[in-house]
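For reference, the chains in residue letters:
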Amino acid sequence: MDFRRGKRREDPEINLIPFIDVLLVVLIFLMVTTTYSKFTELQITLPTADAEKALERPFEINVTVDAKGNYTVNNVPVSFTSVAGLADDMKNAAKGQPNATGANSPVVIVNADQFAMHQMVINVLEAARVAGYDKLTFAAQTAGKK
């Protein structure tokens, strides 16, 4: 029994437009935030080197520079007066070595303190050039080792 008179009630209608809008927003959100497990990357094949350990170690001259400005050549303290004097000290350290000249010149290893002035290292490099030693390298220590 229907006791209501007058307007007849309309059937409910489901409006799909807001529903579709919400679904599209959720879909876009998921597409943007999804991480993909496979990335496009450049495939590089790096070369490998197989080398045998050198049988003969080259003659080395170790030049050490500390933060106070002191120089040592092969653990022998030397006084720095000029670049030429340091070059003479390096040549004296190389005396007595059979292959200390020419193509077999010694390798000069520069051990500089981290607080040593830049000019002191340049002095060592210039002294090696004056002495005729063209093979130079720098000793380095990683942060983890002391």
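Above this text is the structure in question.
Procedures and definitions
Residues numbered from 1 in each chain as written. Predicted model: local features only at pLDDT ≥ 70, side-chain atom pairs only at ≥ 80, totals over all residues. Heavy atoms only, no water. Helix = DSSP H or I, 4+ residues; strand = E, 2+ residues; numbered from the N terminus. Buried < 20%, exposed > 50% of the residue type's maximum accessible area, 1.4 Å probe, protein only. Areas by Shrake-Rupley, 256 points an atom, 1.4 Å probe, with all protein chains shown as cover. Pairing = 2+ DSSP bridges. Patch = residues over 30% accessible without salt bridge, like charges linked within 9 Å, V, L, I, M, F, W, Y side chains within 5 Å. Salt bridge = Lys/Arg side-chain N within 4 Å of Asp/Glu carboxyl O. Axes fitted to C-alpha atoms, helices over the stretch in contact; angles between N-to-C directions. Contact = heavy atoms within 4.5 Å. Core = buried A, V, L, I, M, F, W, Y, C linked by side-chain atoms within 4.5 Å. Left-handed = near helix turned anticlockwise from the far one by under 90°. Nonpolar A, V, L, I, M, F, W, Y, C, P; charged D, E, K, R; others polar. Expected span 1.5 Å × (residues − 1). Arc of directions from axis to C-beta.

Summing up its helical and strand segments, the chain has three helices and five strands in all. In the chain, the succession of α and β elements from N to C terminus is α-β-β-β-α-β-α-β. With 146 residues in all, the chain has 18% of them scored as buried. Carbon together with sulfur atoms contributes 57% to the accessible area of the chain, which is approximately 12,800 Å² in total.

Here six bridges tie strand β1 (residues 60-65) to strand β4 (residues 107-112), and the two strands are oriented parallel to one another. Residue pairing for β4: T64 is matched across the bridge by N111. Across four bridges, β4 lies against strand β5 (residues 135-138) in parallel orientation. Across the sheet, V107 pairs through a bridge with K135, a residue of β5.

On to unusual backbone geometry, then. Residue N74 is not a glycine yet carries a positive backbone phi of 50°. Checked against the element boundaries, N74 lands in the loop between β2 (71-73) and β3 (76-78). Positive phi, close to 65°, is recorded for N75, a residue that is not glycine. Structurally, the position occupied by N75 is in the loop between β2 and β3. A residue is classified by how much of its surface remains accessible, and N75, at 69% relative accessible area, is exposed.

Our next topic: a nonpolar patch on the surface. Residues I14, L16, F19, I20, L23, L24, L27 and M31 make up a contiguous nonpolar surface patch of roughly 840 Å² in combined accessible area. Residue position: L16 is located in helix α1 (residues 16-33).

All right, on to the sheet that holds β5 then. Backbone hydrogen bonds are what pair the strands of a sheet, in a parallel or an antiparallel way. An order of β3-β2-β1-β4-β5 is seen for the five strands of this open sheet, with the pairing classed as mixed. Only two strands of the sheet have a single neighbouring strand rather than two, namely β3 and β5. Averaged over neighbouring strand pairs, the angle between their axes works out to 25° when direction is ignored. Of the strands in this sheet, β1, β2, β3 and β4 touch helix α2 (residues 83-94), which is tilted by about 25° from β2. The strands touched by helix α3 (residues 118-131) within the sheet are β1, β2, β4 and β5, with β4 carrying the most contacts at an inclination of about 170°.

Moving on to the nonpolar core. In a soluble, globular protein the nonpolar side chains are often hidden away together inside. Core analysis: the largest hydrophobic core is formed by 19 residues, its most contacted members being V63, L86, M90, V108, V124 and Y133. Of all the secondary structure elements, the ones that give two or more residues to this core are β1, β2, α2, β4 and α3. The dominant element in this core, judged by the number of residues it contributes, is α3, at six residues.

A word on the packing of α2 against α3. When two helices pack together, their arrangement is given by the angle between the helix axes and by the axis-to-axis distance. Running from N to C, α2 and α3 point in directions that differ by 65°, and their axes come no closer than 8 Å. The handedness of the crossing between α2 and α3 comes out as right-handed. Contact residues: α2 offers V83, L86, A87, M90 and K91, while α3 offers N123, V124, E126, A127, A128, V130 and A131. Of the residues in the contact of α2 with α3, the class split is nine nonpolar, one polar and two charged.

Moving on: α3. An α-helical turn contains 3.6 residues, so a residue and the one three or four places further along point in the same direction. Between its first and last C-alpha, α3 extends 20 Å over 14 residues, near the 20 Å set by a 1.5 Å rise per residue. Those residues of α3 that fall on the buried side of the exposure criterion are M120, V121, N123, V124, A127, A128 and A131. Projected down its long axis, α3 shows its buried positions confined to an angular sector of 150°, all on one face. Away from the buried face of α3 by more than 90 degrees, exposed residues H118 and R129 are located. Tucked inside the fold, the buried residues of α3 contact β1, β2, α2, β4 and β5. A positive backbone phi angle near 90° is found at G132, which sits one or two residues after α3.

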